[in-house]
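# Chains, contacts and geometry: an overview
Chain residues, written in single-letter form:
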Amino acid sequence: MSKEVIAKKAAAVEEVFEKFNEAVSCVVVDYRGLTVEQVTELRKELREENVELRVVKNTYLKRAADKAGYEGLDDTFSGPTAVAFSKEDVVAPARILAKFAKDAEALEIKGGMIEGKVASLEQINELAKLPSREGLLSMLLSVLQAPVRNVAYAVKAVADSKDDDAA
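Everything quoted here is computed from the prediction, not taken from an experiment. (Residues numbered from 1 in each chain as written. Predicted model: local features only at pLDDT ≥ 70, side-chain atom pairs only at ≥ 80, totals over all residues. Heavy atoms only, no water.)

## So, the pattern of salt bridges
Condition: Each reported salt bridge corresponds to a side-chain nitrogen of Lys or Arg within 4 Å of a carboxyl oxygen of Asp or Glu. Put simply, DSSP H or I for four residues or longer makes a helix, DSSP E for two residues or longer makes a strand, and each gets a number counted from the N terminus. Under the scheme applied here, a residue whose accessible area is under 20% of the maximum for its type counts as buried, over 50% as exposed, and between as partly exposed, the area being computed with a 1.4 Å probe on protein chains only.
Evaluation of the coordinates by the stated rule reveals nine salt bridges. We note a salt bridge from glutamate 14 to lysine 67, for which the minimum N-O separation is 2.3 Å. Pair noted here: glutamate 14 is in helix α1 (residues 3-22) and lysine 67 is in helix α3 (residues 58-68), with a separation of 53 residues, a long-range link. Residue classification places glutamate 14 among the partly exposed positions, given a relative accessible area of 28%. Glutamate 52 is paired through a salt bridge with lysine 19; the nearest N and O atoms lie 2.7 Å apart. Separated by 33 residues along the polypeptide, glutamate 52 in strand β2 (residues 51-55) and lysine 19 in helix α1 bring together distant segments of the chain. Judged by its relative accessible area of 16%, lysine 19 is buried.

Rendered as structure tokens:
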């Protein structure tokens, strides 16, 4: 092989390695059997959540994962492989891909990485059941507002009872 080809392959491995390091989560899928329209729709849904879907050669993925220290992902890098990388939301790739896999039976989730740790298919599916970041924040906000709301209702009830006594 020429030095140029080797340099291009090394650059490709380095690029995937950086994606692994920047990602808070990634999900590895087998996309064999999806139509062009389905892949386009999937990419669109992922892009809306700031998730990048990349189709990468398995040898590049194996080398990049080994370099990043993700042992145990090698088994998932077989056949046509795409990886969804998320830099922001841990849940987004798993949630979107699991939902899409229900409609498109050809899409198969193989495994992934969650916050620096290799995740099994079962862990990815459990993560997919969690609400989005915005949903979790709204739940937290309602929990935090509940005590204040209850105090406000109590003060209003006391004020109303004093108005009734005065009348």
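## Overview of the pairing of strand β1 (residues 25-30)
Heads up, the condition is: We treat two strands as partners when DSSP finds at least two bridges between them.
Of all six residues making up β1, six are buried, and the element is well covered by its neighbours. Residues Ser25, Val27 and Val29 of β1 are buried on one face, and the alternating residues Cys26, Val28 and Asp30, pointing to the opposite face, are buried as well. With six bridges joining them, β1 and strand β3 (residues 81-86) adopt antiparallel strand pairing. Each bridged residue has a counterpart across the sheet, and for aspartate 30 the counterpart in β3 is threonine 81. Here β1 pairs with strand β4 (residues 108-114) via six bridges, running antiparallel. The partner of aspartate 30 across the bridge, within β4, is glutamate 108.

## Let's talk about helix α2 (residues 36-48)
This is how the line gets drawn: What a helix is expected to span follows from its residue count: subtract one and scale by 1.5 Å. To obtain the arc, one takes the directions from the helix axis to the C-beta atoms. Residues are treated as being in contact if the distance between any of their heavy atoms lies within 4.5 Å.
With 13 residues, α2 should cover 18 Å at 1.5 Å per step; its first-to-last C-alpha distance of 18 Å lies within 8% of that length. When α2 is considered as a whole, its buried residues turn out to be Leu42, Glu45 and Leu46. Projection of α2 onto a plane perpendicular to its axis shows the buried side chains occupying an angular sector of 95°, all on one side. Exposed and oriented more than 90 degrees from the buried face of α2 are Val36, Glu37, Arg47 and Glu48. On the buried face of α2, the contacting elements are β2 and α4 (92-103). The first or second residue beyond α2 is asparagine 50, which carries a positive phi of 60°.

By themselves, these observations are geometric and do not establish any function.
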